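Chain by chain, the residues run as shown.
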Amino acid sequence: MSAVAIITGATGGLGQEFVRGALSDGIDEIWAVARNEKRLGELRERFGDKIRPVRCDLSRADDLAELFALIEAEKPDIRLLINNAGIGKMGASAEFPDDVIVNEVDINCKAVCLLCKHAIPFMKPGARILNISSASSFQPVPYINLYAASKAFVRSYTRALNVELKARGIICTAVCPGWIDTDMLEKEHNGKPVKFPGLVSPERVAAQALRDSAKGRDMSVCTLFVKYEHLLSKIWPHKWLMRIWLNGIKDYV
Ligand SMILES: NC(=O)c1ccc[n+]([C@@H]2O[C@H](COP(=O)([O-])OP(=O)(O)OC[C@H]3O[C@@H](n4cnc5c(N)ncnc54)[C@H](OP(=O)(O)O)[C@@H]3O)[C@@H](O)[C@H]2O)c1
């Protein structure tokens, strides 16, 4: 039976590196989940016929139902599930339109839990789940408030799920990167380049995450810079950290 990986947001900056990593981990088929069919086609051209494009908008209940029906129908041997798709909007969160709030929570949180639920019955001992959280999950983050809160949800959910699935031999890892050099980041604001301290390549984050999950870790924190941020978030009052953050973003909000 083919070893299958399901990777959401597979066409994005980090997603493509997870695709590369999964292929070199001996996966036979990758269900590459995203909305844009052209980019899914390009992904297949780039990585070959082990890529199975699955067009799905993770914010839509009917698209999700189709994805779960596909899993039920094919009963794949899921060795890897990587819930990587995620979105984030900067700004005063109470002023966001309702649909922006709902979309962010649906994609970053709801779809992650539902996909875990529907994939787990098809995972054997040794299978692994990687849910992409963020260093923004370490403390509250004003002006990416909703995003940071959604990533705190993912981190907490994943670490607890790891304990719940221990007896079944399934590892769950919350991946908590700092800034990653992908299209998700707005590189310019009002004509000025935006600074991203500790910016790291998606290759490095994906490689570290896959290594950490293979070692059975429930969290993956890539780079010393982010490990330091993680430590500070445990020992410094969060109001200090929020003040430092606000000072760093004063030119952008
Ligand atoms: N970049 C960073 O600094 C950073 C830092 C920490 C954590 N992260 C997390 O890392 C993950 C990957 O981010 P990235 O930087 O690689 O972003 P990216 O390059 O913008 O890629 C996002 C991916 O998600 C897919 N996607 C977006 N909305 C979707 C939807 N409604 N349904 C299905 N797929 C959807 C996109 O494909 P389509 O548009 O075709 O659907 C794309 O493949 C995210 O969870 C993000 O929160 C990023």
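Description of the structure in this document. All figures in this text were calculated on a predicted structure; none of them were measured in a lab.

**A word on the site of the ligand**
Around the ligand sit 30 residues, and of these Gly9, Gly12, Arg35, Asn36 and Gly86 come closest. It is helix 1 (residues 13-24) that provides the largest number of residues to the shell around the ligand, a total of three residues. Of the residues contributing to the shell around the ligand, the split by class is 13 nonpolar, 13 polar and four charged.

**A few points about the environment of isoleucine 170**
With respect to the helices and strands, the residue isoleucine 170 is situated in the loop between helix 5 (145-164) and strand 6 (171-175). Put simply, isoleucine 170 and alanine 119 are 51 residues apart on the chain and 11 Å apart in space, counted from C-alpha to C-alpha. Among residues more than four places away in sequence, those in contact with isoleucine 170 are Ile120, Met123, Ala127, Ile129 and Leu165.

**Digging into the packing of helix 3 (residues 61-74) against helix 4 (residues 98-119)**
In contact at an axis separation of 10 Å, helix 3 and helix 4 are set at 20 degrees when each is read in the N-to-C sense. Classified by the angle between their axes, helix 3 and helix 4 sit roughly parallel to one another. Here the hand of the crossing between helix 3 and helix 4 comes out right-handed. For the pair helix 3 and helix 4, contact is made by Leu64, Phe68 and Ile71 and by Ala111, Leu114, His118 and Ala119, respectively. Looking at side-chain class alone, the contact of helix 3 with helix 4 contains six nonpolar, one polar and no charged residues.

**Observations regarding the nonpolar core**
Counting 55 residues, the largest nonpolar core has Ile6, Ile7, Ile30, Ala32, Val33 and Leu81 as its most contacted members. Here this core gets six residues from one element, more than from any other, and that element is helix 4. Those residues in contact with isoleucine 6, other than ones at most four positions away along the chain, are Trp31, Val33, Ile78, Leu81 and Ala119. Among the nonpolar cores identified, the runner-up in size contains six residues, and Val141, Ile144, Ala148 and Ala152 belong to it.

**A word on the packing of helix 4 against helix 5**
Where helix 4 meets helix 5, the closest approach of the two axes is 10 Å, and the angle between their N-to-C directions is 10 degrees. The angle between helix 4 and helix 5 places the two elements in the roughly parallel class. Contacts between helix 4 and helix 5 involve Ile101, Glu104, Val105, Asn108, Cys109, Val112, Cys113 and Cys116 from the first element and Leu146, Tyr147, Ser150, Lys151, Phe153, Val154, Tyr157 and Leu161 from the second. Broken down by class, the residue content of the contact of helix 4 with helix 5 amounts to 12 nonpolar, two polar and two charged.

**Here we look at the sheet that holds strand 1 (residues 3-8)**
What the seven strands build is an open sheet, ordered 3-2-1-4-5-6-9; its pairing is parallel. Every other strand in the sheet has two partners, leaving strand 3 (51-55) and strand 9 (219-220) as the edge strands with one partner each. When strand 1 meets strand 4 (residues 77-83), the two strands line up parallel, connected through five bridges. Counterpart to isoleucine 6 in the pairing with strand 4 is leucine 81. Across the face of the sheet, helix 2 (residues 37-47) comes into contact with strand 2 (29-34) and strand 3 while running at roughly 175 degrees to strand 3. Helix 6 (residues 202-214) rests against strand 5 (128-132), strand 6 and strand 9 of the sheet, and its axis sits at about 150 degrees to strand 6.

Thresholds applied
Residues numbered from 1 in each chain as written. Predicted model: local features only at pLDDT ≥ 70, side-chain atom pairs only at ≥ 80, totals over all residues. Near = placed C-beta within 6 Å. Helix = DSSP H or I, 4+ residues; strand = E, 2+ residues; numbered from the N terminus. Nonpolar A, V, L, I, M, F, W, Y, C, P; charged D, E, K, R; others polar. Contact = placed C-beta atoms within 7 Å. Axes fitted to C-alpha atoms, helices over the stretch in contact; angles between N-to-C directions. Parallel < 35°, antiparallel > 145°, perpendicular 65-115°, else oblique. Left-handed = near helix turned anticlockwise from the far one by under 90°. Core = buried A, V, L, I, M, F, W, Y, C linked by C-beta atoms within 7 Å. Buried ≥ 20, exposed ≤ 12 C-beta atoms within 10 Å, placed from the backbone. Pairing = 2+ DSSP bridges.

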